[in-house]
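# Structure at a glance
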Amino acid sequence: ANQMANFFREDTPFALNQNHSRDEVEDEFTSLLHENRSTTIANGVSSYFSRWQSFCGICLYVSVAGTTYAFGVYSELLRSRLGYSEDALDFVASVGNNGLYLSLLAGYSIQKFGFKTVVLTGGGFISIGFLYIWLAIIKVVPSSIGSICFFYFLSQAGVCCHISTAVTISVKLFPPESRGAAIGLSKGYFALSTAVLSDLAGGLFRSSPTS
């Protein structure tokens, strides 16, 4: 009702007192409603889906992004293939956790460069980091603790980009009174990614862990 009232104000291009037919006005109003419903969600976040469809996509997205919490899935390979001690594994895990704590930089990058750029950059960091670790496991590149720490840190910085983007979009999708629940759910699915990644690794790569 408010949209219709605003649309037919005298200062709008398609006000009834101008030289436009009723059919033209109705077509323009229908187009306006469709545009508002299908493209604009809130605060500059545009999508062809509703806020709930977008939020479900975010939950699915973060449910496979928590490689930090799934360190135990691949730490055994670092122990068996590279001969790392427990202390060395703890050190690698700690360095990677520091990469996950770069939320301030990720948030600033989202504001300056936009969501897509940050997500693509994070995906690049994750790919480069884990590609090097995999090459180290199969003895193609050097496997010193320093190099593994650096590339694991890089991969977790990429994870930080992804989860920061997901949380930011969750905030923008909902009104203030619902944002706490939206953030809690998205972070909860991020934590559940440990179970998801463990099951995927066990089901797809049980016969060949190094793949």
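Residues numbered from 1 in each chain as written. Predicted model: local features only at pLDDT ≥ 70, side-chain atom pairs only at ≥ 80, totals over all residues. Heavy atoms only, no water.

## Thoughts on the packing of aromatic side chains
This structure, assessed with the given rule, holds seven aromatic pairs. Here the aromatic rings of W52 and F174 are separated by 5.1 Å at their centres, their planes lie at 65°, and the arrangement is edge-to-face. In this pair, W52 is assigned in helix α3 (residues 51-62) and F174 in the loop between α8 (145-173) and α9 (179-204), connecting sequence segments 122 residues apart. Under the relative-accessibility criterion, F174 is labelled buried at 6%. Between Y132 and F151 the ring centres are 4.0 Å apart and the planes differ by 10°, which places this aromatic pair in the stacked class. Note that Y132 is positioned in helix α7 (residues 115-137) and F151 in helix α8, a separation of 19 residues in sequence. Here Y132 matches F151 in class, with each residue buried. Three or more aromatic residues joined by ring pairs make a cluster, and in this case those are W52, F55 and F174. (Phe/Tyr/Trp six-rings, centres within 6.5 Å; stacked < 30°, edge-to-face > 60°. Helix = DSSP H or I, 4+ residues; strand = E, 2+ residues; numbered from the N terminus. Buried < 20%, exposed > 50% of the residue type's maximum accessible area, 1.4 Å probe, protein only.)

## So, a nonpolar patch on the surface
A surface patch of nonpolar side chains, amounting to about 350 Å² of accessible area, comprises L131, W134, I138 and V140. Residue position: W134 is located in helix α7. For W134, a relative accessible area of 35% gives the class partly exposed. (Patch = residues over 30% accessible without salt bridge, like charges linked within 9 Å, V, L, I, M, F, W, Y side chains within 5 Å. Areas by Shrake-Rupley, 256 points an atom, 1.4 Å probe, with all protein chains shown as cover. Salt bridge = Lys/Arg side-chain N within 4 Å of Asp/Glu carboxyl O.)

## As for the pattern of salt bridges
For the coordinates displayed, the defined rule picks out two salt bridges. Here R79 ties to E76 by a salt bridge, and the two come within 3.3 Å at their closest N and O atoms. One end of the pair, R79, and the other, E76, are both in helix α4 (residues 71-82), three residues apart, so they sit about a helical turn from each other. Look at E76 and you get partly exposed, because its relative accessible area is 44%. The salt bridge involving E86 is made with R79; its shortest N-O contact spans 3.0 Å. When its relative accessible area of 41% is taken as the criterion, E86 is described as partly exposed. By relative accessible area, R79 is classed as partly exposed at 31%. One network of salt bridges, in which partners are shared, links E76, R79 and E86.

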